[in-house]
Amino acid sequence: MPLMRVDVLKGHDEAYLKQLLKIAYEVQGETLHTPEGDCYQILTQHEPFEMQILDTGLGIERTKDVVVINLTSRPRSTKDKRNFYRRLVERLHAELGLRKEDVMFSLVSNNDDDWSFGNGQTQFLNGEL
């Protein structure tokens, strides 16, 4: 049950943003093996001064199309994480023309007792999920 947060700069139209989220959801399912309908995405648009995404000395030039994807999820294998990063960047580049250099990821693992999907219940622990 990953929770995906996507941060972008303001200026993209609705169709572009919807396609970005659709691609991210599809790749999540393919590479992280999440079930159909397991979609928790939050998109936030920022003013340029609100996102400072430098290159950490890697020589990566960012543009106004920079995308930061933060995924909070149950633990995943390194292989699945790497496939998720690679495949999502490939599809965003191929389908939206997004530069591969403009996509940054952060994946945070947590445990079943870190989730409540409503009603103050821990659905992973009580058997509902």
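A few points on the structure. Keep in mind the model is a prediction, meaning the values are calculated, not measured.

As for unusual backbone geometry
- Unusually for a residue other than glycine, Thr 56 sits at a positive phi of about 55°.
- Summarising the element assignment, Thr 56 is placed in the loop between β2 (41–46) and β3 (67–73).
- Non-glycine residue Asn 119 carries a positive phi angle of around 65°.
- Within the secondary structure, Asn 119 is located in the loop between β4 (103–109) and α3 (123–126).

A closer look at the nonpolar core
- Counting 23 residues, the largest nonpolar core has Val 6, Leu 20, Ile 69, Phe 84, Leu 88 and Leu 92 as its most contacted members.
- Residue assignment for this core shows that the elements contributing at least two residues are β1 (3–9), α1 (14–32), β3, α2 (78–96) and β4.
- Here this core gets 8 residues from one element, more than from any other, and that element is α1.
- Residues contacting Leu 88, with those up to four places away along its chain left out, are Ile 23, Ala 24, Val 27, Ile 69, Asn 83 and Phe 105.

Calculation criteria
- Residues numbered from 1 in each chain as written.
- Predicted model: local features only at pLDDT ≥ 70, side-chain atom pairs only at ≥ 80, totals over all residues.
- Heavy atoms only, no water.
- Helix = DSSP H or I, 4+ residues; strand = E, 2+ residues; numbered from the N terminus.
- Core = buried A, V, L, I, M, F, W, Y, C linked by side-chain atoms within 4.5 Å.
- Buried < 20%, exposed > 50% of the residue type's maximum accessible area, 1.4 Å probe, protein only.
- Contact = heavy atoms within 4.5 Å.

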